[in-house]
Structure formats: C-alpha cells, structure tokens
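Observations on chain architecture
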Amino acid sequence: MNPDQKRPQQKENLTIENLSQAVFIVNRHAKTAINPKFLYKLKQESLKRLIEEGKAKKVGLHFSENPRNSQQQSDCLVECGRYFFHIPPAKADFTNLPHLGKLDGQVRNPKTIMSLNTAKAILQSYTGIMEHEDSPRSRRKTGRTYQKPVFKKLGERY
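About the cut-offs
- Residues numbered from 1 in each chain as written.
- Predicted model: local features only at pLDDT ≥ 70, side-chain atom pairs only at ≥ 80, totals over all residues.
- Heavy atoms only, no water.
- Buried < 20%, exposed > 50% of the residue type's maximum accessible area, 1.4 Å probe, protein only.
- Helix = DSSP H or I, 4+ residues; strand = E, 2+ residues; numbered from the N terminus.
- Pairing = 2+ DSSP bridges.
- Contact = heavy atoms within 4.5 Å.
- Axes fitted to C-alpha atoms, helices over the stretch in contact; angles between N-to-C directions.
- Core = buried A, V, L, I, M, F, W, Y, C linked by side-chain atoms within 4.5 Å.

This paragraph deals with the pairing of strand β2 (residues 74-80). The element β2 is extensively covered by neighbouring structure, given that six of its seven residues are classed as buried. Here strand β1 (residues 56-63) runs beside β2; their pairing, made up of seven bridges, is antiparallel. Counted as the bridge partner of leucine 61 is cysteine 76 from β2. Note that β2 and strand β3 (residues 83-87) share five bridges and pair antiparallel. Bridge pairing in β3 places cysteine 76 opposite isoleucine 87. Between the antiparallel neighbours β2 and β3 lie two residues, among them glycine 81 with a positive phi of about 65 degrees.

The next point concerns the environment of lysine 58. Here lysine 58 lies in strand β1. Judged by relative accessible area, which is 30%, lysine 58 ranks as partly exposed. As for lysine 58 and proline 89, which are separated by 31 residues in sequence, their C-alpha atoms are 9.7 Å apart. Beyond its immediate stretch of four places on either side in the chain, lysine 58 contacts Ile51, Cys76, Leu77, Val78, Ile87, Asp93 and Leu97.

Spatially, the three strands line up as an open sheet ordered β1-β2-β3, and their pairing is antiparallel. Both edges of this open sheet fall to β1 and β3, since each of them pairs with a single strand only. Between one strand and the next, the sheet's axes are offset by a mean angle of 30 degrees, whatever the strand orientation. In this fold helix α1 (residues 16-30) packs onto β2 and β3, with an angle of close to 50 degrees to the strand it touches most, β3. Running over the sheet, helix α2 (residues 37-52) touches β1, β2 and β3 and is turned about 115 degrees from β3.

Inspection of the secondary structure puts aspartate 75 in strand β2. Overall, aspartate 75 belongs to the buried group, its relative accessible area being 19%. In this structure, aspartate 75 is in contact with Gly60, Leu61, His62, Ser64, His86, Ile87 and Pro89, ignoring residues within four places of it in sequence.

Within the largest apolar cluster, 28 residues are counted, with the highest numbers of intra-cluster contacts made by Leu19, Leu47, Leu50, Phe85 and Leu123. Residue assignment for this core shows that the elements contributing at least two residues are α1, α2, β1, β2, β3 and α4 (116-127). It is α1 that contributes the most residues to this core, seven residues altogether. For leucine 50, the residues in contact, after removing those within four places along its chain, are Leu19, Lys55, Ala56, Cys80 and Tyr126.

Given below as structure tokens:
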C-alpha cells in the first residue's frame, strides 16, 4: 500500500482466503463495537456476494445461541474457505437446507491477524459499500442547536 493511498489495491487482495479473513475480522470487531450496524451489514453483503459468485456455500441451519423474542431461532451456516459464519436465513433456506441442530462449540475458525481498517477496506472494495461519517458523536455536536425556552403568562395560548 502506497502512503498516498487510503485503501489497498483492489485486485491483488481479493482472494477467497483474504476475503474470508476480512469477514472474520469484521465480524469479531462488530460484536464489541459501539455502533455495529455498518460492520454487520458489510459482513452480510460480502457473504451474500461470495455465495452468488460460488466462492462460499450455505451448509445448513443452526439453532441460535441467543434467540430474540422466541424460544427458538435459526441461523444459516455459511462456509467460506476455511471459515464458518452465521447469517440470517432466507425463507427458502428453511426448505432447501438441512437443520444441523445445536451449535457445536468445538468447531473454531482459524486464528487471523489483520487490522480492522485493512479488513474493512478489503470488504468495501469488494462490495462497494461505503461507511458514512455519520457517527453518534458527530450527530450530537451538529444536530441540535440551543433554543431559549418560551415563557407564557398563565392562561395564554400560542
């Protein structure tokens, strides 16, 4: 990467191994991020595109570890290179994929060393999704201006 470039060059970093490592890093950081929406969207869109291109495949369904409002919820297990990920299932997945039951805690993804910025840059160049600079902190500073309270006499209407 040249010092004047913000992102790594596109074509040489887009191997299945690099893409799956980048998805792994983004997913790991999204679990503890302050605002994880963009990271999860980047993960989901990357996996969706990898599946469409035939570089990843849906393996089956797992029961979710932390279901939302129901007693049971299923996640779709996706295999990409040497890595496994969960994404929300589509309706067709319930009929087309086998249900694998409870998640096996013994299966782990390989360890990966990559910075979050590099992983985001790889996935952003792959999907074309860009992060907006609309963070919660910047909204707080520019979003509201102070208005003086308006006092009215008792019984008056405005």
